[in-house]
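Report on the structure
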Amino acid sequence: MYKKCTIHVSLIYLLTLVHIFVYNKGLKKRDIEKRLKKCGWWFERHGGNHDIWTNGEFRIPVPRHREMNERTAKGIIKEAEANIV
């Protein structure tokens, strides 16, 4: 019984570490802004918790954090590259 609990706890710990390294890679907001500028987007205004970027036709909200989750950053870049005017 004791070994099963130890294995179970070790597995949970391992999965937690994998989750941290896979999903919590931070990207700098500055790098995302540079990428948006290269795609032809510019800063439009500050929102409540987000900065609003536009290309003249579409708008993208960018969270106002120094670092953001890699998934969020990829989504922002993907949307920007899909809506190049």
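I will try to describe carefully the structure that is included in this document. All values derive from a computational prediction rather than experimental measurement.

Within the fold, Asn55 resides in the loop between β3 (50–54) and β4 (59–63). Overall, the relative accessible area of 9% leaves Asn55 in the buried class. In terms of polar contacts, Asn55 uses its side chain to reach the backbone amide nitrogen of Glu57, at 3.0 Å. There is a polar contact of 2.5 Å between the side chain of Asn55 and the backbone oxygen of Asn83.

Ile32, Leu36, Cys39, Trp41, Trp53, Ile60, Val62, Met68, Ala73, Ile76, Ile77 and Ala80 together form the largest nonpolar core, which totals 12 residues. Elements with a minimum of two residues in this core: α2 (29–38), β4 and α3 (70–82). For this core, the element with the most residues is α3, which contributes 4 residues. Ignoring any residue separated from it by four or fewer positions in sequence, one finds Cys39 in contact with Glu81 and Ile84.

The next thing to look at is the side chain of Lys29. When you line up the elements, Lys29 lands in helix α2. Among the residues examined, Lys29 registers a relative accessible area of 13% and is labelled buried. At a separation of 2.5 Å, a polar atom in the side chain of Lys29 contacts the side chain of Asp51. In this structure, Lys29 is in contact with Asp51, Val62, Pro63, Arg64, His65, Arg66 and Met68, ignoring residues within four places of it in sequence.

Tracing the backbone shows Trp53 in strand β3. Given a relative accessible area of 3%, Trp53 falls into the buried group. In sequence terms Trp53 and Trp41 are 12 residues apart; their C-alpha atoms lie 6.4 Å from each other. In this structure Trp53 touches Glu33, Leu36, Lys37, Trp41, Trp42, Phe43, Glu44, Phe58, Arg59, Ile60 and Val62, once residues within four positions along its chain are discounted.

Examined bridge by bridge, strand β2 (residues 42–46) and β3 share 4 bridges and lie antiparallel to one another. From the neighbouring strand, His46 faces β3, where its bridge partner is Asp51. In textbook terms, the turn of a hairpin is the stretch between consecutive antiparallel strands, and for β2 and β3 this stretch comprises 3 residues.

Time to look at the packing of aromatic side chains. Overall, the coordinates contain 1 aromatic pair when judged by the stated rule. Seen from their ring centres, Phe43 and Trp53 are 6.1 Å apart, and the 80° between their planes marks the pair as edge-to-face. Here Phe43, found in strand β2, pairs with Trp53, found in strand β3; they are 10 residues apart in sequence, far enough to count as distant.

Procedures and definitions
Residues numbered from 1 in each chain as written. Predicted model: local features only at pLDDT ≥ 70, side-chain atom pairs only at ≥ 80, totals over all residues. Heavy atoms only, no water. Helix = DSSP H or I, 4+ residues; strand = E, 2+ residues; numbered from the N terminus. Buried < 20%, exposed > 50% of the residue type's maximum accessible area, 1.4 Å probe, protein only. Polar contact = N/O pair within 3.5 Å; in protein donor to acceptor, adjacent residues only side chain to side chain. Core = buried A, V, L, I, M, F, W, Y, C linked by side-chain atoms within 4.5 Å. Contact = heavy atoms within 4.5 Å. Pairing = 2+ DSSP bridges. Phe/Tyr/Trp six-rings, centres within 6.5 Å; stacked < 30°, edge-to-face > 60°.

So far we have only geometry, and geometry alone does not tell us how the molecule works.
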